[in-house]
Every structure is written in C-alpha cells, then in structure tokens.
Amino acid sequence: MQLNIDSDESIKSCVAKIQALTGGSLDALVNNAGAAYPLPPMDADTDRARRLFDLNVFPLISVTREFLPLLLN
C-alpha cells in the first residue's frame, strides 16, 4: 500500500483502506518516513533545512491525526 505523506488526500485514502481491512481498529502506527540533512549547522542552507523540517514534522502530525481514531478504537 502506498502513502504520500505530503498529501492529505493520500493519507485519508490510506486510512480508509486500512479501516476496511481491519474493521476499524489498528494496534500500532509506525511513522518512519522522513529525510536527513547531514551537514553541520554552520554549513546548513536555511531554505533546505526548512523544507526538511516541513517534511519530517508536518506529515508526522497529519498521519498520526488521521490514524488516531483507528488506534483508539
């Protein structure tokens, strides 16, 4: 199953598929998507670091928020 973490539509579609497959319950969610920027802070490009932050933080929040009802069920 594919999931584009940058797309709310993709996240919601994945949640619906998982809900149908599991009957609406989920035991665990592993948020392991992301990227790294292996440079010392003094060499970091601010725009690239901001894009990396956006990629690593906001999708984590979105994916967790959408799957939370299945985890709590």
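Residues numbered from 1 in each chain as written. Predicted model: local features only at pLDDT ≥ 70, side-chain atom pairs only at ≥ 80, totals over all residues. Heavy atoms only, no water.

Draft legend 1. Summary view of the overall build of the protein. Broken down by element type, the protein carries 2 helices and 0 strands. What you see for the protein is a C-alpha radius of gyration of 15 Å, clearly larger than the 11 Å of a compact globule of 73 residues, by over 25%. In terms of overall dimensions, the protein has C-alpha extents of about 50 × 20 × 15 Å along its principal axes. The long-range fraction of contacts in the protein, counting pairs at least 24 apart against all pairs at least 6 apart in sequence, stands at 60%. For the protein, the exposed area adds up to about 5400 Å²; of that, 55% sits on carbon and sulfur atoms. For the protein, the separation between the mean place of its 6 positive charges and that of its 9 negative charges on side chains is 2 Å. (Helix = DSSP H or I, 4+ residues; strand = E, 2+ residues; numbered from the N terminus. Rg over C-alpha atoms; globule rule 2.2 N^0.38 Å. Contact = heavy atoms within 4.5 Å. Areas by Shrake-Rupley, 256 points an atom, 1.4 Å probe, with all protein chains shown as cover. Lys, Arg positive; Asp, Glu negative; His and termini not counted. Charge placed at Lys NZ, Arg CZ, Asp CG, Glu CD.)

Draft legend 2. Inspection of the pattern of salt bridges at higher detail. Applying the stated criterion across every chain yields a total of 2 salt bridges. The salt bridge involving Arg-50 is made with Asp-47; its shortest N-O contact spans 3.9 Å. A residue pair is termed a helical-turn pair when its members lie 3 or 4 positions apart in one helix, as Arg-50 and Asp-47 do in helix H2 (residues 46-72) at 3 residues. Linking Glu-66 and Arg-65 is a salt bridge whose minimum nitrogen-to-oxygen distance equals 3.4 Å. Residue classification places Arg-65 among the partly exposed residues on the basis of a relative accessible area of 45%. (Salt bridge = Lys/Arg side-chain N within 4 Å of Asp/Glu carboxyl O. Buried < 20%, exposed > 50% of the residue type's maximum accessible area, 1.4 Å probe, protein only.)

Draft legend 3. Here's a closer look at the environment of Phe-67. By secondary structure assignment, the location of Phe-67 is in helix H2. For Phe-67, the residues in contact, after removing those within four places along its chain, are Cys-14, Val-15, Ile-18, Leu-26 and Leu-29.

Draft legend 4. Spotlight on H2. With 27 residues, H2 ought to run about 39 Å at 1.5 Å a step, and its terminal C-alpha atoms sit 38 Å apart, in line with that. Its maximal kink placed at Glu-66, H2 deviates by approximately 35°, while the proline Pro-69 follows within four residues. Residues Leu-52, Pro-59, Ser-62, Val-63, Phe-67 and Leu-70 constitute the buried set of H2. (Expected span 1.5 Å × (residues − 1). Bend = angle between axes of the 7 residues up to and from the residue.)

Shape is all these values report; function is a separate question.
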